[in-house]
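Letter by letter, the chains look like this.
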Amino acid sequence: MSRRSFIRRRPFSTLLLVLLIAVLGWVWQERVALWAFPDIISAYTAKEYCSCRYVMNNPAAYCQGYVKQYLPTSGFVDDAASKRVTVGGLGRSNSAQWIGERQGCRLQP
Amino acid sequence: MFKGLSLISILLFSFTAQAENWPAEQWLPGPTVTGPAVQALENYAFPLRNDTTRKGIRTDALLVIHDGQLVYERYAGPTRADTPHLTWSISKSLLATVLGVAYGEGLFKLQDPVVQFYPALEKHTAMTMADLLHWASGLDWQEDYEYAPLKSSVVAMLYTRGHRDMAAFTADHDAYARPGQAFRYSSGDSNLLSAALKAIVGPARYPDYPWTALLEPLGIHGAVWEVDATGTFVASSYAYLTARDLARVGLLMARDGRWRERQLLPKAWVDFSREPFAHYRANQDEAVPGGHWWLNRAVDGAAQPWPDAPVDTFAALGHWGQAMYVIPSEKLVIVRYGDDRDGSYRHNELLKLALKAFAMKVQP
């Protein structure tokens, strides 16, 4: 059976197959960025909330609004005693820790 | 006769001392300016604020220094006079100012290859300190923030793959141009400078260097500068200062790097900061890059970025509307902190209104 006749008999399957290969190729090329991507929302929220609250000394309620993005977060924990902020989102969790008077907050680890 | 002369010299000395105002522990208050021009500025900078929708112009702080005196300040939202506000990319200009002190110590030259101070740049040996200060490393960096998060180098650097060692993450990028040949705004370039500073001043002095070299001589005590896990200052993004303290850096720059009797930054360094990068092409960015500062200069056939401000205006600018404008010809330093999320704020508009309210000369 020639390749040409397969394309003729199954034009839509062929198109889908080509698209699938293209998508897989792109995923492979961008694998590092794609794997890191889900961390963005929780890391951003934890770090910028920590700095809003413990570096800029803004009220907690204000900082909640300040870090709000379109993507939802979950499991938000602001441990005021240790000045450690933990946030979940897109299946990942990240923490930021206040280090000191001059050094402010930093993502952990 | 001798007595008379010494009396005159004392009078002359006190006259010259009074002629130049410098902040001590606090800024000296200047004459209060009121009237319709100030009202127009406030109407622009402080519209009714909505912290839920976060739409429109949302100024957190506006402070004006004229001739070394505090003539105006107002705060909004949660920000107060003693709030060390996030400066975002104003940090880049602050790092350049810190580097200027090290330059004055004779610890490096502008044409020194950066690899000399930061060996991780072994694949980019031609890159010089001046190239990084011009945001012209030639590294293939993507500076988008919210709108292209997958491809954004800066988001990856601050929050995911790069946050532990931001300079190493930057150095790992491929080149797209020869160093020094093309402008491409890059937070990575600023953090390479920050890592280079560690070797320039030595690891023992580095953790305190921004304070000992720049902040304390200026009388700034409360600043915060966050570091990555290797202890390198996040020079791209994470310095925090009160509006009053940041204005001290502005006054230093307005007065050619001199703080009272001390030439803290060499005049040549300040000149370099205010010299447009020769390979910048028209409209590549919102203002013209100098040495890690932004300039209001007409270059490459384009008009001045801020047509209503004098040509000697230069600025440190940051994400979400952070700005410090320095206008030596008008003896003005203006700090504007904000939390703008939609890009409706215009530098030129604020400068136009502030100049109407506070400039002493008639605008051309």
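Our subject is the structure that appears above.
Reference entry: report on the structure contained in this document. Bear in mind that the values here come from a model prediction, so they are computed numbers and not experimental data. Numbering of residues starts from 1 in each chain and follows the order in which that chain's sequence is written. All chains are assigned letters beginning with A, and all ligands numbers beginning with 1, in the order in which they are written. With the structure being a predicted model, the display of local features is reserved for residues of pLDDT at least 70 and the display and counting of side-chain atom pairs for 80 or more, all residues being used for whole-chain, interface and lining totals. Working from all heavy atoms in the structure, the side-chain values ignore hydrogens and water.

Re unusual backbone geometry
- The step from Gln108 of chain A to Pro109 of chain A runs through a cis peptide bond, and the omega angle for that step is -5°.
- Starting at the N terminus, helices and strands are each numbered in turn, a helix being any DSSP run of H or I of at least four residues and a strand any DSSP run of E of at least two. Looking at the element boundaries, Pro109 of chain A is found in the segment after β4 (104–108).
- Non-glycine residue Trp135 of chain B carries a positive phi angle of around 55°.
- Following the sequence through the fold, Trp135 of chain B ends up in the loop between α4 (129–133) and α5 (153–159).
- Whether a residue is buried, partly exposed or exposed follows from its accessible area with a 1.4 Å probe, protein chains only, as a fraction of its type maximum: under 20%, in between, or over 50%, in that order. Among the residues examined, Trp135 of chain B registers a relative accessible area of 1% and is labelled buried.
- The phi torsion at Arg260 of chain B lies on the positive side, around 55°, for a residue other than glycine.
- Position of Arg260 of chain B among the secondary structure elements: in the loop between β7 (258–259) and β8 (262–263).

Topic: the state of the cysteines
Residue and element names in this part refer to chain A.
- By disulfide we mean two sulfur atoms from cysteines, separated by a distance within 2.5 Å. If you walk through the whole model with that rule in mind, you get two disulfides over all chains.
- Residue Cys50 pairs covalently with Cys105 via a disulfide, S to S 2.1 Å. Across the disulfide from Cys50 to Cys105, rotation about the S-S bond amounts to roughly -75°, and the bridge is consequently left-handed. Note that Cys50 is positioned in helix α4 (residues 39–54) and Cys105 in strand β4, a separation of 55 residues in sequence. Across the pair, Cys105 and Cys50 agree in class, each one buried.
- Between Cys52 and Cys63 runs a disulfide, and the two sulfur atoms are separated by 2.2 Å.

A look at helix α11 (residues 347–358) of chain B
Residue and element names in this part refer to chain B.
- When the terminal C-alpha atoms of α11 are compared, their 16 Å separation across twelve residues agrees well with the 16 Å that a helix rising 1.5 Å per residue should span.
- Residues of α11 that are buried: His347, Asn348, Leu350, Leu351, Leu353, Ala354, Leu355, Ala357 and Phe358.
- The inward-facing, buried residues of α11 abut α2 (36–45), β2 (59–66), β3 (69–75), β11 (314–318), β12 (322–327) and β13 (332–338). What a helix is expected to span follows from its residue count: subtract one and scale by 1.5 Å. Contact between two residues is taken to exist if any of their heavy atoms lie within 4.5 Å; hydrogens are not considered.

Observations concerning the interface of chain B and chain A
- Contact residues are listed per partner, giving 37 residues for chain B and 33 residues for chain A.
- Of the roughly 2800 Å² buried where chain B meets chain A, counting both sides, 60% is carbon and sulfur surface.
- Of all residues in chain B, Pro78, Leu150 and Tyr159 of chain B give up the largest surface area on contact with chain A, accounting jointly for 22% of the area buried on that side.
- Salt bridges are identified by distance alone: a Lys or Arg side-chain nitrogen within 4 Å of an Asp or Glu carboxyl oxygen. Between the two partners, chain B and chain A, sit four salt bridges.
- Salt-bridge contacts for Glu226 of chain B lead to Lys47 of chain A; the nearest nitrogen and oxygen are separated by 2.8 Å.
- We define a polar contact as two N or O atoms separated by no more than 3.5 Å, with the added condition that, inside protein, one atom must be a possible hydrogen donor and the other a possible acceptor, whereas residues neighbouring each other in sequence contribute only through side-chain atom pairs. One can count 17 residue pairs in polar contact (both at pLDDT 80 or more) joining chain B with chain A.
- Contributions of two or more residues to the side of chain B that touches chain A are made by β4 (85–86), α5 and β5 (224–225) of chain B.
- Ranked by residues supplied to the side of chain B that touches chain A, first place goes to α5 of chain B with three residues. Two parts lose some accessible area (1.4 Å probe) when they are put together, and adding that loss for both gives the buried area.

Quick word on the side chain of His319 of chain B
Residues and elements named next belong to chain B.
- Tracing the sequence through the fold places His319 in the loop between β11 and β12.
- A relative accessible area of 18% places His319 in the buried class.
- A distance of 3.2 Å separates polar atoms of two side chains, one belonging to His319 and the other to Trp320.

Remarks on the sheet that holds β5 of chain B
Residue and element names in this part refer to chain B.
- Strands are labelled as partners when DSSP assigns at least two bridges between them. Reading across from one edge, β4-β6-β5 is the order of the three strands in this open sheet, with antiparallel pairing throughout. In the strand order of this sheet, the two ends are held by β4 and β5, each with one partner.
- Taken together, the two bridges between β4 and strand β6 (residues 239–241) define a ladder with antiparallel strand orientation. The residue bridging Leu86 from the neighbouring strand is Tyr240, located in β6.

Focus on the side chain of His292 of chain B
Residues and elements named next belong to chain B.
- Mapped onto the secondary structure, His292 falls in the loop between β9 (288–289) and β10 (294–295).
- Among the polar contacts made by the side chain of His292, one reaches the side chain of Ser190 at a distance of 2.8 Å.
- Apart from residues no more than four positions distant in its own chain, His292 is found in contact with Lys92, Ser93, Ala96, Leu132, Leu133, Trp135, Ser190 and Leu193.

Structural notes on the pattern of salt bridges
All names here are of chain B.
- With the rule as written, the count across this model stands at 24 salt bridges over all chains.
- For Arg341, the salt bridge is made with Asp339, and the minimal N-O distance between the two is 2.7 Å.
- Beyond isolated ion pairs, a larger network of salt bridges with shared partners links Arg49, Asp51, Arg58, Asp60, Asp339 and Arg341.

Observations concerning the sheet that holds β10 of chain B
Residues and elements named next belong to chain B.
- Ordered by their spatial adjacency, eight strands build an open sheet running β1-β3-β2-β13-β12-β11-β10-β9, and the pairing between neighbours is mixed. With one partner strand each, in any of the chains shown, β1 (28–29) and β9 form the two edges of the open sheet.
- Bridge count between β10 and β11: two bridges; the pairing is antiparallel. Directly across from Trp294, in β11, lies its bridge partner Ala315.
- Contacting β2, β3, β11, β12 and β13, helix α9 (residues 243–254) runs over the sheet at an angle of about 145° to β13. Helix axes use the C-alpha atoms of the stretch in contact, all axes being lines fitted to C-alpha atoms, and the angles between their N-to-C directions lie in the range 0 to 180 degrees.

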